[in-house]
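Fold and contact review
Here's the letter readout for the chains.
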Amino acid sequence: MSAPTPTPDQQRTVLERFPAGAPRGSWPAEEFAAARRDQGINARVVMDLATDQFLVVADTP
């Protein structure tokens, strides 16, 4: 399942960055995104391969 592509009137906002090397069993980016979703923000986690980081992003109008 791929992430939805923003429409021309939307852009992605990076809410937070997390290093990819979190300890085994730790998912800080997923936990951060889940907390934002609990607040009503449509947040998801994507991988930035160039920087080896997980990004929590939200599509904003």
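The present account deals with the structure reproduced in this document. (Residues numbered from 1 in each chain as written. Predicted model: local features only at pLDDT ≥ 70, side-chain atom pairs only at ≥ 80, totals over all residues. Heavy atoms only, no water.)

Under the counting rule described, the total for this entry stands at two salt bridges. Here Asp59 makes a salt bridge to Arg12, at a shortest N to O gap of 3.7 Å. Taken together, the residues span a long stretch of sequence, with Asp59 in strand 3 (residues 53–60) and Arg12 in strand 1 (residues 11–19) at a distance of 47 residues. One salt bridge connects Asp59 with Arg44, and the closest N-O pair in it is separated by 3.3 Å. Here the residue Asp59 occupies a position in strand 3, and Arg44 occupies one in strand 2 (residues 43–48), the gap between them amounting to 15 residues. According to the relative accessible area criterion, Asp59 is buried, its value standing at 18%. Shared partners join several salt bridges into a network, and the residues in it are Arg12, Arg44 and Asp59. (Salt bridge = Lys/Arg side-chain N within 4 Å of Asp/Glu carboxyl O. Helix = DSSP H or I, 4+ residues; strand = E, 2+ residues; numbered from the N terminus. Buried < 20%, exposed > 50% of the residue type's maximum accessible area, 1.4 Å probe, protein only.)

Attention now goes to the layout of surface pockets. A volume near 150 Å³ is recorded for the largest pocket. Looking at the largest pocket, it is lined by 13 residues, and the ones nearest its centre are Ala22, Ser26, Trp27, Pro28 and Phe54. Ranked by residues supplied to the lining of the largest pocket, first place goes to helix 1 (residues 28–38) with three residues. In the lining of the largest pocket, the residues fall into nine nonpolar, two polar and two charged. (1 Å grid on protein atoms, 1.4 Å probe; cavity = no way out; pocket = protein on both sides within 12 Å on 5 of 7 lines; lining within 4 Å. Points joined across faces, edges and corners; volume = space filled by probe spheres on them. Nonpolar A, V, L, I, M, F, W, Y, C, P; charged D, E, K, R; others polar.)

Attention now goes to the packing of aromatic side chains. Counted under the stated rule, the structure contains one aromatic pair. Residue placement shows Arg36 over the ring face of Phe32; its charged tip is 4.1 Å from the ring centre. (Phe/Tyr/Trp six-rings, centres within 6.5 Å; stacked < 30°, edge-to-face > 60°. Lys NZ or Arg CZ within 6 Å of the ring centre and 35° of its normal.)

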